[in-house]
Amino acid sequence: MKYINLALRWLFFAVIIKPIVKIVIGLRYQNTPILPKDGPAILIANHNSHLDTMVLISLLPLNILHKVKPVAAADYFLKNKFLAWFALNIIGILPIERQGKDKSVNPIEQCAKALDSGKILIFFPEGSRGEPEKMTDLKYGVVKLAERCPNVPLYPIYMHGLGKTLPKGDALFVPFFCDVVFSEPMTYEANSEGFYENVKTRFATLQDSVKLPKWD
Amino acid sequence: MLFDFESMRAVTQVFVFLLAGLSLATVIGWVLSLTNKQKDYTELKQRINSWWIMIGIFGLALVMGPLVTVLLFAMLSFIALKEYFSMTPTRLVDRKVLFWAYLTIPLQYYWIATGWYGMFIIFIPVYAFLFIPFRMVLAGETKNYLRAVGNIHWGLMLTVFTLSHLAYLVMLPSEGEYQSLTMSGDGAALLLYLVMLTQLNDVAQYVWGKILGTTPIAPTISPNKTREGLIGGVITTGVLAMILAGLLTPMIWWQGLLVGLGIGIAGFIGDVSLSAIKRDIGIKDSGQLIPGHGGILDRLDSLTFTAPLFFHVMRYFYF
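Remember, predicted model here, so these are calculated numbers, not experimental data.

**Some words on the overall build of chain A**
Scanning chain A from terminus to terminus reveals 9 helices and 7 strands. In terms of overall size, chain A behaves like a compact globule, its C-alpha atoms giving a radius of gyration of 16 Å where 216 residues would be expected to give roughly 17 Å. Based on the C-alpha atoms only, the size of chain A along its principal axes is roughly 45 × 40 × 35 Å. Partitioning the contacts of chain A with sequence separation of at least 6, the portion at a separation of at least 24 is 75%. On chain A, roughly 10200 Å² of surface is accessible, and the fraction owed to carbon and sulfur atoms is 59%.

**Quick notes on the interface of chain A and chain B**
Between chain A and chain B, the contact holds 25 residues from the first and 24 residues from the second. Where chain A abuts chain B, roughly 1900 Å² becomes buried across the two surfaces, and 59% of that area is made up of carbon and sulfur atoms. Applying the counting rule to chain A against chain B returns 9 residue pairs in polar contact (both at pLDDT 80 or more). For the side of chain A that touches chain B, the element with the most residues is helix 1 (residues 2-25) of chain A, which contributes 3 residues.

**With respect to the packing of helix 4 (residues 95-113) of chain B against helix 6 (residues 145-170) of chain B**
Residues and elements named next belong to chain B. Running from N to C, helix 4 and helix 6 cross one another at 15 degrees; their axes reach a closest spacing of 10 Å. Between helix 4 and helix 6, the interaxial angle falls into the category roughly parallel. For the pair helix 4 and helix 6, the crossing hand works out as right-handed. Taking contact as the criterion, the partners of Val97, Leu98, Ala101, Thr104, Ile105, Gln108, Tyr109 and Ile112 in helix 4 are, on helix 6, Ile152, Leu156, Val160, Phe161, Leu163, Ser164, Ala167 and Tyr168. For the contact of helix 4 with helix 6, the class distribution of residues is 13 nonpolar, 3 polar and no charged.

**With respect to the confidence of the model for chain B**
Summarising the model, chain B shows a mean pLDDT of 91, and 97% of its residues fall at 70 or more. For this predicted complex, the interface confidence reaches an ipTM of 0.84, while the overall pTM sits at 0.90.

The rules behind the values
- Residues numbered from 1 in each chain as written.
- Chains lettered and ligands numbered in written order.
- Predicted model: local features only at pLDDT ≥ 70, side-chain atom pairs only at ≥ 80, totals over all residues.
- Heavy atoms only, no water.
- Helix = DSSP H or I, 4+ residues; strand = E, 2+ residues; numbered from the N terminus.
- Rg over C-alpha atoms; globule rule 2.2 N^0.38 Å.
- Contact = heavy atoms within 4.5 Å.
- Areas by Shrake-Rupley, 256 points an atom, 1.4 Å probe, with all protein chains shown as cover.
- Buried area = accessible area lost by both parts, 1.4 Å probe.
- Polar contact = N/O pair within 3.5 Å; in protein donor to acceptor, adjacent residues only side chain to side chain.
- Axes fitted to C-alpha atoms, helices over the stretch in contact; angles between N-to-C directions.
- Parallel < 35°, antiparallel > 145°, perpendicular 65-115°, else oblique.
- Left-handed = near helix turned anticlockwise from the far one by under 90°.
- Nonpolar A, V, L, I, M, F, W, Y, C, P; charged D, E, K, R; others polar.
- pLDDT = per-residue confidence, 0-100.

So this is what it looks like as C-alpha coordinates:
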(Lines give C-alpha, C1' and ligand atoms only; values in the text may rest on other atoms or scores of the structure.)
Protein backbone atom coordinates (compact mmCIF):
# COMPACT_ATOMS: atom_id res chain seq x y z
CA MET A 1 0.00 0.00 0.00
CA LYS A 2 2.82 2.34 0.86
CA TYR A 3 4.36 1.98 -2.59
CA ILE A 4 1.03 2.41 -4.34
CA ASN A 5 0.52 5.67 -2.45
CA LEU A 6 4.04 6.80 -3.28
CA ALA A 7 3.43 6.05 -6.95
CA LEU A 8 0.11 7.90 -6.85
CA ARG A 9 1.81 10.86 -5.22
CA TRP A 10 4.49 10.86 -7.89
CA LEU A 11 1.90 10.66 -10.66
CA PHE A 12 -0.22 13.41 -9.11
CA PHE A 13 2.68 15.84 -9.11
CA ALA A 14 4.28 14.75 -12.39
CA VAL A 15 1.09 14.58 -14.48
CA ILE A 16 -1.30 17.07 -12.87
CA ILE A 17 0.37 19.60 -10.60
CA LYS A 18 3.61 20.30 -12.47
CA PRO A 19 1.81 20.97 -15.81
CA ILE A 20 -0.80 23.16 -14.09
CA VAL A 21 1.86 25.15 -12.29
CA LYS A 22 3.98 25.48 -15.44
CA ILE A 23 1.29 26.14 -18.06
CA VAL A 24 -1.96 27.32 -16.48
CA ILE A 25 -0.41 29.40 -13.71
CA GLY A 26 2.95 29.97 -15.35
CA LEU A 27 5.68 30.31 -12.77
CA ARG A 28 8.12 33.18 -13.15
CA TYR A 29 11.41 33.10 -11.29
CA GLN A 30 12.45 36.62 -10.28
CA ASN A 31 15.99 35.43 -9.53
CA THR A 32 17.98 32.21 -9.84
CA PRO A 33 16.26 29.50 -7.81
CA ILE A 34 17.99 28.68 -4.52
CA LEU A 35 16.65 25.34 -3.37
CA PRO A 36 17.94 22.40 -1.31
CA LYS A 37 19.30 19.45 -3.26
CA ASP A 38 18.58 17.06 -0.41
CA GLY A 39 17.20 16.96 3.13
CA PRO A 40 17.23 17.89 5.87
CA ALA A 41 16.06 21.36 4.97
CA ILE A 42 13.14 23.69 5.63
CA LEU A 43 11.42 25.82 3.01
CA ILE A 44 9.77 28.78 4.68
CA ALA A 45 7.31 30.82 2.64
CA ASN A 46 4.45 33.28 2.83
CA HIS A 47 1.00 31.69 2.84
CA ASN A 48 -2.05 32.97 0.97
CA SER A 49 -3.49 30.01 -0.86
CA HIS A 50 -3.75 26.23 -0.92
CA LEU A 51 -1.73 26.50 -4.11
CA ASP A 52 1.32 27.64 -2.14
CA THR A 53 2.10 24.08 -1.04
CA MET A 54 1.57 22.74 -4.56
CA VAL A 55 3.86 25.34 -6.10
CA LEU A 56 6.60 24.84 -3.49
CA ILE A 57 6.53 21.06 -3.96
CA SER A 58 6.65 21.41 -7.73
CA LEU A 59 9.70 23.69 -7.45
CA LEU A 60 11.67 20.69 -6.18
CA PRO A 61 12.80 17.87 -8.48
CA LEU A 62 10.60 14.77 -8.54
CA ASN A 63 13.40 12.46 -7.41
CA ILE A 64 13.29 13.94 -3.91
CA LEU A 65 9.50 14.16 -3.81
CA HIS A 66 9.26 11.31 -1.28
CA LYS A 67 11.24 13.41 1.20
CA VAL A 68 9.07 16.51 0.96
CA LYS A 69 6.65 17.05 3.86
CA PRO A 70 4.49 20.17 4.16
CA VAL A 71 3.76 20.94 7.80
CA ALA A 72 -0.01 21.35 8.15
CA ALA A 73 -2.70 21.65 10.80
CA ALA A 74 -4.13 18.25 11.76
CA ASP A 75 -7.56 19.62 12.70
CA TYR A 76 -8.06 21.16 9.25
CA PHE A 77 -6.64 18.47 6.99
CA LEU A 78 -7.67 15.35 8.91
CA LYS A 79 -11.29 16.37 9.45
CA ASN A 80 -12.73 13.73 7.12
CA LYS A 81 -11.54 10.39 5.84
CA PHE A 82 -10.97 11.19 2.19
CA LEU A 83 -9.27 14.52 2.85
CA ALA A 84 -7.08 12.82 5.44
CA TRP A 85 -6.00 10.11 2.99
CA PHE A 86 -5.34 12.71 0.29
CA ALA A 87 -3.44 15.07 2.60
CA LEU A 88 -1.31 12.36 4.20
CA ASN A 89 -0.49 10.23 1.18
CA ILE A 90 -0.73 12.41 -1.91
CA ILE A 91 0.29 15.81 -0.58
CA GLY A 92 2.36 14.03 2.08
CA ILE A 93 1.70 16.44 4.93
CA LEU A 94 3.19 16.21 8.38
CA PRO A 95 0.08 16.77 10.51
CA ILE A 96 0.64 18.79 13.67
CA GLU A 97 -1.75 19.79 16.41
CA ARG A 98 -2.26 23.53 16.69
CA GLN A 99 -1.39 25.14 20.02
CA GLY A 100 -3.46 24.31 23.07
CA LYS A 101 -5.17 21.22 21.74
CA ASP A 102 -3.18 18.19 22.78
CA LYS A 103 -0.28 18.88 25.11
CA SER A 104 1.16 15.35 24.95
CA VAL A 105 2.60 15.79 21.42
CA ASN A 106 4.93 18.68 20.83
CA PRO A 107 4.64 19.90 17.21
CA ILE A 108 8.23 21.15 17.21
CA GLU A 109 9.44 17.67 18.22
CA GLN A 110 7.37 16.13 15.41
CA CYS A 111 9.07 18.42 12.89
CA ALA A 112 12.51 17.81 14.41
CA LYS A 113 12.01 14.05 14.12
CA ALA A 114 11.17 14.36 10.43
CA LEU A 115 14.22 16.55 9.87
CA ASP A 116 16.42 14.01 11.67
CA SER A 117 15.33 11.41 9.14
CA GLY A 118 16.40 13.70 6.29
CA LYS A 119 13.04 15.16 5.28
CA ILE A 120 12.49 18.51 3.56
CA LEU A 121 9.82 20.39 5.45
CA ILE A 122 7.59 23.08 3.99
CA PHE A 123 6.78 25.48 6.77
CA PHE A 124 4.55 28.54 6.69
CA PRO A 125 5.77 30.83 9.48
CA GLU A 126 2.63 32.98 9.28
CA GLY A 127 0.54 30.05 10.47
CA SER A 128 -2.65 29.95 8.44
CA ARG A 129 -3.39 31.60 5.11
CA GLY A 130 -3.67 35.38 5.14
CA GLU A 131 -5.20 37.92 2.81
CA PRO A 132 -3.89 37.99 -0.77
CA GLU A 133 -0.50 39.66 -1.24
CA LYS A 134 -0.30 40.77 2.39
CA MET A 135 2.03 39.21 4.91
CA THR A 136 0.86 38.85 8.48
CA ASP A 137 3.23 38.78 11.44
CA LEU A 138 5.29 35.64 11.73
CA LYS A 139 4.53 33.30 14.59
CA TYR A 140 7.26 32.07 16.92
CA GLY A 141 7.07 28.46 15.70
CA VAL A 142 9.78 29.05 13.13
CA VAL A 143 12.16 30.32 15.81
CA LYS A 144 11.46 27.36 18.09
CA LEU A 145 11.97 24.91 15.24
CA ALA A 146 15.22 26.56 14.14
CA GLU A 147 16.43 26.63 17.73
CA ARG A 148 15.70 22.92 18.07
CA CYS A 149 17.54 22.10 14.79
CA PRO A 150 20.25 24.79 14.60
CA ASN A 151 22.17 23.20 11.70
CA VAL A 152 19.28 22.69 9.34
CA PRO A 153 19.21 25.34 6.60
CA LEU A 154 16.04 27.39 6.12
CA TYR A 155 15.25 28.60 2.60
CA PRO A 156 13.06 31.73 2.60
CA ILE A 157 10.83 31.89 -0.50
CA TYR A 158 8.34 34.60 -1.37
CA MET A 159 5.45 33.92 -3.74
CA HIS A 160 3.28 36.56 -5.40
CA GLY A 161 0.06 36.02 -7.33
CA LEU A 162 -1.29 32.80 -5.87
CA GLY A 163 -3.48 34.69 -3.43
CA LYS A 164 -5.15 36.12 -6.54
CA THR A 165 -5.37 32.79 -8.35
CA LEU A 166 -7.05 30.92 -5.47
CA PRO A 167 -7.58 33.03 -2.34
CA LYS A 168 -8.68 31.72 1.01
CA GLY A 169 -12.35 30.77 1.13
CA ASP A 170 -12.82 30.79 -2.65
CA ALA A 171 -13.10 27.72 -4.86
CA LEU A 172 -12.89 29.44 -8.25
CA PHE A 173 -9.49 29.18 -9.91
CA VAL A 174 -8.55 32.27 -11.96
CA PRO A 175 -5.13 32.11 -13.63
CA PHE A 176 -2.51 34.76 -12.92
CA PHE A 177 1.21 34.54 -13.36
CA CYS A 178 2.89 33.54 -10.13
CA ASP A 179 6.18 35.17 -9.28
CA VAL A 180 8.69 33.47 -6.99
CA VAL A 181 11.75 35.03 -5.34
CA PHE A 182 14.41 33.07 -3.52
CA SER A 183 16.79 34.04 -0.76
CA GLU A 184 20.07 32.50 0.44
CA PRO A 185 19.57 29.73 3.01
CA MET A 186 20.03 30.66 6.68
CA THR A 187 20.71 28.54 9.78
CA TYR A 188 19.93 29.30 13.40
CA GLU A 189 23.56 28.61 14.24
CA ALA A 190 24.79 31.49 12.09
CA ASN A 191 21.93 33.89 12.81
CA SER A 192 20.94 33.15 16.40
CA GLU A 193 21.15 36.79 17.45
CA GLY A 194 17.71 38.22 16.76
CA PHE A 195 16.70 35.27 14.60
CA TYR A 196 13.03 36.26 14.48
CA GLU A 197 13.89 39.75 13.23
CA ASN A 198 16.32 38.29 10.71
CA VAL A 199 13.66 36.09 9.16
CA LYS A 200 11.23 39.01 9.08
CA THR A 201 13.81 41.23 7.34
CA ARG A 202 14.48 38.52 4.76
CA PHE A 203 10.81 38.32 3.86
CA ALA A 204 10.45 42.10 3.78
CA THR A 205 13.40 42.31 1.34
CA LEU A 206 11.96 39.55 -0.84
CA GLN A 207 8.55 41.19 -0.83
CA ASP A 208 10.03 44.55 -1.88
CA SER A 209 11.86 42.96 -4.80
CA VAL A 210 8.57 41.94 -6.43
CA LYS A 211 7.12 45.07 -7.97
CA LEU A 212 3.76 43.91 -9.21
CA PRO A 213 0.24 45.19 -8.70
CA LYS A 214 -1.70 43.94 -5.73
CA TRP A 215 -5.47 43.60 -5.48
CA ASP A 216 -7.40 46.83 -5.07
CA MET B 1 0.74 14.89 -45.44
CA LEU B 2 -1.09 17.87 -44.03
CA PHE B 3 1.06 20.34 -45.84
CA ASP B 4 1.30 20.16 -49.59
CA PHE B 5 4.74 21.59 -50.30
CA GLU B 6 3.97 21.69 -54.02
CA SER B 7 0.95 23.99 -53.79
CA MET B 8 2.50 25.87 -50.88
CA ARG B 9 5.69 26.48 -52.79
CA ALA B 10 5.74 30.22 -52.14
CA VAL B 11 5.27 29.81 -48.37
CA THR B 12 8.03 27.21 -48.25
CA GLN B 13 10.39 29.40 -50.29
CA VAL B 14 9.83 32.47 -48.14
CA PHE B 15 10.26 30.40 -45.01
CA VAL B 16 13.57 28.98 -46.22
CA PHE B 17 14.65 32.53 -46.99
CA LEU B 18 13.65 33.57 -43.48
CA LEU B 19 15.64 30.74 -41.90
CA ALA B 20 18.66 31.69 -44.01
CA GLY B 21 18.36 35.27 -42.75
CA LEU B 22 18.16 34.09 -39.16
CA SER B 23 21.21 31.85 -39.67
CA LEU B 24 23.08 34.89 -40.95
CA ALA B 25 22.03 36.86 -37.86
CA THR B 26 23.19 34.00 -35.64
CA VAL B 27 26.61 33.95 -37.33
CA ILE B 28 26.90 37.73 -37.01
CA GLY B 29 26.07 37.36 -33.31
CA TRP B 30 28.87 34.83 -32.87
CA VAL B 31 31.38 36.93 -34.80
CA LEU B 32 30.51 40.07 -32.80
CA SER B 33 30.92 38.35 -29.45
CA LEU B 34 34.21 36.74 -30.52
CA THR B 35 35.83 39.84 -31.99
CA ASN B 36 34.60 42.38 -29.46
CA LYS B 37 35.16 40.83 -26.05
CA GLN B 38 34.60 44.06 -24.07
CA LYS B 39 30.93 44.33 -24.95
CA ASP B 40 28.29 41.99 -23.57
CA TYR B 41 26.27 40.40 -26.34
CA THR B 42 24.23 38.08 -24.09
CA GLU B 43 20.96 39.87 -24.78
CA LEU B 44 21.50 39.91 -28.56
CA LYS B 45 22.24 36.18 -28.50
CA GLN B 46 19.23 35.47 -26.28
CA ARG B 47 17.09 37.45 -28.69
CA ILE B 48 18.31 35.49 -31.69
CA ASN B 49 17.89 32.15 -29.89
CA SER B 50 14.34 33.11 -28.98
CA TRP B 51 13.69 33.98 -32.63
CA TRP B 52 14.72 30.44 -33.61
CA ILE B 53 12.20 29.00 -31.17
CA MET B 54 9.39 31.38 -32.14
CA ILE B 55 9.91 30.90 -35.88
CA GLY B 56 10.18 27.15 -35.30
CA ILE B 57 6.84 26.99 -33.47
CA PHE B 58 5.19 29.25 -36.06
CA GLY B 59 6.53 27.20 -38.99
CA LEU B 60 5.48 23.95 -37.37
CA ALA B 61 1.94 25.27 -36.84
CA LEU B 62 1.71 26.32 -40.52
CA VAL B 63 2.85 22.87 -41.62
CA MET B 64 0.40 21.10 -39.28
CA GLY B 65 -2.55 22.95 -40.80
CA PRO B 66 -5.16 25.57 -39.85
CA LEU B 67 -6.55 23.75 -36.79
CA VAL B 68 -3.14 23.65 -35.12
CA THR B 69 -2.54 27.28 -36.10
CA VAL B 70 -5.86 28.27 -34.52
CA LEU B 71 -4.98 26.35 -31.33
CA LEU B 72 -1.55 28.01 -31.22
CA PHE B 73 -3.08 31.48 -31.36
CA ALA B 74 -5.68 30.52 -28.74
CA MET B 75 -2.80 29.54 -26.45
CA LEU B 76 -0.97 32.81 -27.23
CA SER B 77 -4.13 34.78 -26.43
CA PHE B 78 -4.42 32.97 -23.11
CA ILE B 79 -0.82 33.66 -22.12
CA ALA B 80 -1.10 37.28 -23.30
CA LEU B 81 -4.32 37.88 -21.35
CA LYS B 82 -2.83 36.28 -18.25
CA GLU B 83 0.22 38.50 -18.64
CA TYR B 84 -2.05 41.53 -19.04
CA PHE B 85 -4.12 40.72 -15.94
CA SER B 86 -0.95 39.98 -13.96
CA MET B 87 0.57 43.39 -14.73
CA THR B 88 -2.47 45.67 -14.56
CA PRO B 89 -4.34 46.50 -11.35
CA THR B 90 -7.46 44.38 -10.91
CA ARG B 91 -10.05 44.31 -8.13
CA LEU B 92 -10.57 41.39 -5.81
CA VAL B 93 -14.35 41.62 -6.36
CA ASP B 94 -13.79 41.08 -10.08
CA ARG B 95 -12.26 37.62 -9.75
CA LYS B 96 -15.35 36.00 -11.29
CA VAL B 97 -15.44 38.64 -14.04
CA LEU B 98 -11.84 37.84 -14.93
CA PHE B 99 -12.81 34.19 -15.11
CA TRP B 100 -15.48 35.07 -17.70
CA ALA B 101 -12.91 37.12 -19.57
CA TYR B 102 -10.71 34.04 -19.88
CA LEU B 103 -13.71 32.01 -21.09
CA THR B 104 -14.07 34.26 -24.14
CA ILE B 105 -10.85 32.74 -25.52
CA PRO B 106 -12.07 29.17 -26.22
CA LEU B 107 -15.34 30.60 -27.58
CA GLN B 108 -13.71 33.17 -29.86
CA TYR B 109 -11.36 30.54 -31.31
CA TYR B 110 -14.22 28.08 -31.65
CA TRP B 111 -16.04 30.53 -33.92
CA ILE B 112 -12.85 30.78 -35.94
CA ALA B 113 -12.33 27.02 -36.25
CA THR B 114 -15.92 26.62 -37.46
CA GLY B 115 -15.52 29.53 -39.89
CA TRP B 116 -18.43 31.47 -38.34
CA TYR B 117 -17.36 34.95 -39.42
CA GLY B 118 -20.45 36.82 -38.19
CA MET B 119 -20.01 35.58 -34.64
CA PHE B 120 -16.23 35.98 -34.70
CA ILE B 121 -16.51 39.65 -35.58
CA ILE B 122 -19.14 40.68 -33.02
CA PHE B 123 -18.58 38.28 -30.12
CA ILE B 124 -15.96 40.35 -28.26
CA PRO B 125 -17.02 43.92 -29.15
CA VAL B 126 -20.74 43.29 -28.62
CA TYR B 127 -21.49 40.33 -26.37
CA ALA B 128 -18.36 40.24 -24.21
CA PHE B 129 -18.14 44.04 -23.92
CA LEU B 130 -21.76 44.19 -22.74
CA PHE B 131 -21.66 41.14 -20.51
CA ILE B 132 -18.59 42.16 -18.53
CA PRO B 133 -19.94 45.45 -17.13
CA PHE B 134 -23.24 43.66 -16.41
CA ARG B 135 -21.42 40.96 -14.42
CA MET B 136 -19.49 43.68 -12.59
CA VAL B 137 -22.70 45.48 -11.65
CA LEU B 138 -23.90 42.21 -10.11
CA ALA B 139 -20.81 42.23 -7.89
CA GLY B 140 -22.08 45.55 -6.56
CA GLU B 141 -18.78 47.39 -6.04
CA THR B 142 -18.72 50.88 -7.56
CA LYS B 143 -15.29 51.99 -6.37
CA ASN B 144 -13.00 52.12 -9.42
CA TYR B 145 -15.81 50.59 -11.49
CA LEU B 146 -15.08 52.57 -14.64
CA ARG B 147 -11.36 51.90 -14.46
CA ALA B 148 -11.99 48.19 -13.98
CA VAL B 149 -14.39 47.99 -16.94
CA GLY B 150 -11.94 49.88 -19.15
CA ASN B 151 -9.09 47.69 -17.99
CA ILE B 152 -10.81 44.40 -18.80
CA HIS B 153 -12.23 45.66 -22.10
CA TRP B 154 -8.89 46.86 -23.38
CA GLY B 155 -7.30 43.60 -22.24
CA LEU B 156 -9.82 41.55 -24.23
CA MET B 157 -9.40 43.86 -27.20
CA LEU B 158 -5.61 43.60 -27.21
CA THR B 159 -5.09 39.96 -26.39
CA VAL B 160 -8.20 38.18 -27.68
CA PHE B 161 -10.00 40.18 -30.38
CA THR B 162 -7.05 41.60 -32.31
CA LEU B 163 -4.83 38.51 -32.03
CA SER B 164 -7.65 36.19 -33.08
CA HIS B 165 -7.63 37.96 -36.47
CA LEU B 166 -4.30 36.22 -37.09
CA ALA B 167 -6.02 32.87 -36.64
CA TYR B 168 -8.92 33.88 -38.90
CA LEU B 169 -6.44 34.73 -41.66
CA VAL B 170 -5.62 31.02 -42.12
CA MET B 171 -9.35 30.31 -42.36
CA LEU B 172 -9.90 32.66 -45.30
CA PRO B 173 -11.27 30.63 -48.22
CA SER B 174 -8.98 29.43 -50.99
CA GLU B 175 -10.34 30.07 -54.46
CA GLY B 176 -13.86 30.59 -53.22
CA GLU B 177 -14.04 27.26 -51.39
CA TYR B 178 -14.33 26.83 -47.65
CA GLN B 179 -11.04 26.32 -45.90
CA SER B 180 -10.48 22.80 -44.56
CA LEU B 181 -9.09 22.51 -41.04
CA THR B 182 -6.36 20.08 -41.93
CA MET B 183 -4.95 21.47 -45.15
CA SER B 184 -3.26 24.86 -45.37
CA GLY B 185 -4.48 27.16 -48.12
CA ASP B 186 -3.98 30.75 -49.25
CA GLY B 187 -4.61 32.00 -45.72
CA ALA B 188 -1.37 30.48 -44.48
CA ALA B 189 0.53 32.60 -47.00
CA LEU B 190 -1.30 35.75 -45.84
CA LEU B 191 -0.54 34.94 -42.21
CA LEU B 192 3.12 34.43 -42.98
CA TYR B 193 3.17 37.69 -44.97
CA LEU B 194 1.65 39.72 -42.14
CA VAL B 195 3.54 38.20 -39.20
CA MET B 196 6.88 38.32 -41.01
CA LEU B 197 6.47 41.93 -42.15
CA THR B 198 5.26 43.11 -38.74
CA GLN B 199 8.17 41.51 -36.94
CA LEU B 200 10.74 42.62 -39.52
CA ASN B 201 9.29 46.11 -39.25
CA ASP B 202 10.07 46.09 -35.52
CA VAL B 203 13.64 45.01 -36.23
CA ALA B 204 14.03 47.51 -39.11
CA GLN B 205 12.75 50.43 -37.01
CA TYR B 206 15.15 49.45 -34.24
CA VAL B 207 18.13 49.13 -36.60
CA TRP B 208 17.41 52.39 -38.51
CA GLY B 209 16.93 54.12 -35.17
CA LYS B 210 20.32 52.86 -33.98
CA ILE B 211 22.07 53.99 -37.19
CA LEU B 212 20.42 57.34 -37.98
CA GLY B 213 18.14 58.10 -35.05
CA THR B 214 18.40 61.61 -33.59
CA THR B 215 14.88 63.05 -33.21
CA PRO B 216 12.72 61.40 -30.53
CA ILE B 217 9.19 60.89 -31.79
CA ALA B 218 7.37 59.98 -28.57
CA PRO B 219 9.74 61.08 -25.78
CA THR B 220 7.19 60.73 -22.98
CA ILE B 221 6.20 57.18 -23.95
CA SER B 222 9.16 55.50 -25.57
CA PRO B 223 12.32 57.63 -25.46
CA ASN B 224 14.33 55.33 -27.75
CA LYS B 225 11.91 55.62 -30.66
CA THR B 226 13.03 58.15 -33.26
CA ARG B 227 11.51 59.74 -36.35
CA GLU B 228 14.40 58.42 -38.47
CA GLY B 229 13.87 54.90 -37.16
CA LEU B 230 10.17 55.05 -37.94
CA ILE B 231 10.68 56.40 -41.48
CA GLY B 232 13.50 53.97 -42.26
CA GLY B 233 11.49 51.05 -40.89
CA VAL B 234 8.30 51.95 -42.72
CA ILE B 235 10.14 52.29 -46.06
CA THR B 236 12.00 49.01 -45.53
CA THR B 237 8.74 47.23 -44.71
CA GLY B 238 7.00 48.82 -47.69
CA VAL B 239 9.71 47.65 -50.11
CA LEU B 240 9.69 44.12 -48.66
CA ALA B 241 5.90 44.02 -48.79
CA MET B 242 6.05 45.09 -52.43
CA ILE B 243 8.52 42.31 -53.31
CA LEU B 244 6.62 39.59 -51.46
CA ALA B 245 3.10 40.67 -52.49
CA GLY B 246 3.08 38.66 -55.72
CA LEU B 247 4.39 35.54 -54.01
CA LEU B 248 2.17 35.39 -50.94
CA THR B 249 -0.91 37.54 -51.59
CA PRO B 250 -3.45 38.31 -54.30
CA MET B 251 -2.10 41.91 -54.46
CA ILE B 252 -0.04 43.44 -57.23
CA TRP B 253 3.17 45.35 -56.50
CA TRP B 254 1.86 48.86 -55.78
CA GLN B 255 -0.93 47.50 -53.60
CA GLY B 256 1.67 45.52 -51.68
CA LEU B 257 3.73 48.67 -51.25
CA LEU B 258 0.77 50.61 -49.82
CA VAL B 259 -0.19 47.76 -47.46
CA GLY B 260 3.46 47.44 -46.39
CA LEU B 261 3.67 51.14 -45.52
CA GLY B 262 0.44 50.70 -43.56
CA ILE B 263 1.85 47.71 -41.67
CA GLY B 264 4.92 49.76 -40.80
CA ILE B 265 2.88 52.63 -39.36
CA ALA B 266 0.30 50.42 -37.60
CA GLY B 267 3.08 48.29 -36.13
CA PHE B 268 4.68 51.39 -34.67
CA ILE B 269 1.37 52.49 -33.14
CA GLY B 270 0.79 49.05 -31.62
CA ASP B 271 4.26 49.11 -30.13
CA VAL B 272 3.93 52.54 -28.51
CA SER B 273 0.40 51.85 -27.30
CA LEU B 274 1.68 48.92 -25.24
CA SER B 275 4.62 51.07 -24.12
CA ALA B 276 2.12 53.63 -22.86
CA ILE B 277 0.39 50.95 -20.76
CA LYS B 278 3.70 49.76 -19.32
CA ARG B 279 4.78 53.33 -18.57
CA ASP B 280 1.46 54.00 -16.88
CA ILE B 281 1.94 50.96 -14.62
CA GLY B 282 5.67 51.65 -14.16
CA ILE B 283 7.25 48.51 -15.57
CA LYS B 284 9.74 47.94 -18.35
CA ASP B 285 8.73 44.55 -19.75
CA SER B 286 5.32 42.92 -19.68
CA GLY B 287 6.90 39.68 -18.50
CA GLN B 288 9.92 37.44 -18.96
CA LEU B 289 8.56 34.55 -20.97
CA ILE B 290 10.79 35.09 -24.01
CA PRO B 291 14.48 35.49 -23.10
CA GLY B 292 15.91 38.71 -24.56
CA HIS B 293 12.49 40.02 -25.60
CA GLY B 294 10.51 40.28 -22.37
CA GLY B 295 6.95 39.04 -22.09
CA ILE B 296 4.72 37.68 -24.81
CA LEU B 297 2.94 41.05 -25.12
CA ASP B 298 6.28 42.74 -25.77
CA ARG B 299 6.59 40.55 -28.86
CA LEU B 300 2.97 40.69 -30.01
CA ASP B 301 2.35 44.40 -29.37
CA SER B 302 2.78 45.52 -33.00
CA LEU B 303 0.57 42.68 -34.24
CA THR B 304 -2.31 43.89 -32.08
CA PHE B 305 -2.69 46.80 -34.49
CA THR B 306 -1.48 45.31 -37.77
CA ALA B 307 -3.51 42.08 -37.55
CA PRO B 308 -7.07 43.45 -37.59
CA LEU B 309 -6.21 46.23 -40.07
CA PHE B 310 -4.48 43.90 -42.53
CA PHE B 311 -7.22 41.30 -42.14
CA HIS B 312 -10.01 43.72 -42.97
CA VAL B 313 -8.17 45.27 -45.92
CA MET B 314 -7.65 41.77 -47.32
CA ARG B 315 -11.20 40.70 -46.66
CA TYR B 316 -12.75 43.87 -48.10
CA PHE B 317 -10.81 43.85 -51.33
CA TYR B 318 -10.04 40.21 -52.06
CA PHE B 319 -12.26 37.72 -50.24
